[in-house]
Amino acid sequence: MSATTLSGEMASKFARLALTHVMREYPNKLDHVLSGPLDLKEPRDLHPVFFGSFDWHSCVHGYWLLATVVRLFPDIREAREIEKLFDTQLTPSKIEAEVDYLDQPLRGTFERPYGWAWLLMLAAELSRHESTNARERSEALQPLAAAFTDCFLAFLPKATYPTRVGTHFNSSFAVTLAFEYAEVANNNALRTLLVQKARDWYSKDSDCQAWEPGGDDFLSPALMEAECMRRVLDEDDFSRWLDRFLPQLGVREPITLFQPATVSDRSDGKIAHLDGLNLSRAWCWRSIAASWPASDPRRSIALDTAEVHLAASMPHVAGDYMGEHWLATFALLALIKPGA
């Protein structure tokens, strides 16, 4: 089976991986500020829904993975287990507890912006489901989606500068995911702010040198910025912007963007990020390639490069828990067709 093809078999594999960790409470890496001794609680008590998968954001995008594959492949053998999980976990009372957590002092930067964006992606995905149960789950999640929408609306106007790292704090990744939610939810206020912020941050960037990867990157700062701008600009504006930002793509420069990262130790949680880098680069390359006509030689270069990156890291989506609790999400991003 081609690593570049999302089949029912592959969707089932991804679902099985996510089901093994979204309810696994330990080990657990909390993003948690203690204001007093009463804040010393178990992960499950702090986060009744998203307590598994090593950390809160990985649990959220584990749910996104499950929701996505069961929509695209409703007959996979894990479908019933996924539905049971959602019925148990995505309830109004449990979501209310997640919202209440955000309302406590010193939690304004909780999961900013990566977890915020993934929660909105989950909300966008659930809104695409059509069954009565699915609509109820989507409605149950809305208070949390509204809370994180408010977080973006409050934060972005004061975010003078973007964060350009290749990890969770990357601004362009957050804008990309939040923008998808704004489109699906028809939230014009959020959409307008995201577009304006991306233009303010990135519109004058040119001749990117792409000094990457860093030692624990799972995102390409250069390609993620390009994918962000592809989302928020119209086709002609994006074409002109990309020609300025990465003018040498047709001759495979900067060369580092075309070479998969080497992962020396997949049991090291930070070094294992580099498998995610290969997968997220493949996602970006495929998305950007879709903006070019078949006659553009950059299109085949981009698709070939995506293939090479997928081949480097798809075999390692499962194996060590340091990668296993999240890598399938990025593999799915790379494999689903735009608009699916």
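Residues numbered from 1 in each chain as written. Predicted model: local features only at pLDDT ≥ 70, side-chain atom pairs only at ≥ 80, totals over all residues. Heavy atoms only, no water.

A. Molecular detail of the overall build of the chain. The helix and strand inventory of the chain stands at 15 helices and zero strands. Principal-axis analysis of the C-alpha atoms gives the chain an extent of 55 × 45 × 40 Å. Taking all 340 residues of the chain together, the buried fraction comes to 54%. Sequence separation of 24 or more characterises 76% of the internal contacts of the chain that already satisfy a separation of 6 or more. Each charge class in the chain can be summarised by its mean position, and for the 34 positive and 46 negative side chains these summaries are 2 Å apart. (Helix = DSSP H or I, 4+ residues; strand = E, 2+ residues; numbered from the N terminus. Buried < 20%, exposed > 50% of the residue type's maximum accessible area, 1.4 Å probe, protein only. Contact = heavy atoms within 4.5 Å. Lys, Arg positive; Asp, Glu negative; His and termini not counted. Charge placed at Lys NZ, Arg CZ, Asp CG, Glu CD.)

B. A look at the packing of aromatic side chains. Counted according to the given criterion, the structure contains 23 aromatic pairs. On the basis of an interplanar angle of 80° and a centroid distance of 5.5 Å, the ring pair of Phe50 and Trp56 is categorised as edge-to-face. When its relative accessible area of 1% is taken as the criterion, Phe50 is described as buried. Relative accessible area serves as the criterion here: at 5%, Trp56 is assigned to the buried category. Geometrically, the ring pair formed by Phe218 and Phe330 is edge-to-face, given 5.8 Å between the ring centres and 75° between the ring planes. Taken together, the positions of Phe218 in the loop between helix 9 (188–202) and helix 10 (221–232) and Phe330 in helix 15 (residues 327–335) put the pair 112 residues apart, joining distant regions of the chain. If you follow Arg24 out to its NZ or CZ, it ends over the ring of Tyr321, 3.9 Å from the centre. Lying over the aromatic face of Tyr101, Arg107 brings its terminal NZ or CZ to 3.9 Å of the ring centre. (Phe/Tyr/Trp six-rings, centres within 6.5 Å; stacked < 30°, edge-to-face > 60°. Lys NZ or Arg CZ within 6 Å of the ring centre and 35° of its normal.)

C. Geometry of helix 7 (residues 132–155). Here helix 7 is 24 residues long and its end C-alpha atoms lie 35 Å apart, about the 34 Å a rise of 1.5 Å per residue gives. Along helix 7, the sharpest change in direction is near 40° and occurs at Gln142; proline Pro143 comes one to four residues later. Listed as buried for helix 7 are Ala134, Arg137, Ser138, Ala140, Leu141, Leu144, Ala145, Ala147, Phe148, Thr149, Phe152 and Phe155. Lining the buried residues of helix 7 we find helix 3 (56–72), helix 4 (79–89), helix 5 (92–102), helix 6 (114–127), helix 8 (171–185) and helix 9. (Expected span 1.5 Å × (residues − 1). Bend = angle between axes of the 7 residues up to and from the residue.)

D. Broad picture of the packing of helix 12 (residues 273–289) against helix 13 (residues 297–313). Orientation of helix 12 relative to helix 13, taken along the N-to-C sense of each, is 160°, at an axis distance of 8 Å. With respect to helix 13, the element helix 12 is oriented roughly antiparallel. As for how helix 12 packs across helix 13, the hand of that crossing is left-handed. Here Asp275, Asn278, Leu279, Arg281, Ala282, Trp285, Arg286 and Ala289 of helix 12 lie close against helix 13, whose contacting residues are Arg299, Ala302, Leu303, Thr305, Ala306, His309, Leu310, Ala312 and Ser313. (Axes fitted to C-alpha atoms, helices over the stretch in contact; angles between N-to-C directions. Parallel < 35°, antiparallel > 145°, perpendicular 65-115°, else oblique. Left-handed = near helix turned anticlockwise from the far one by under 90°.)

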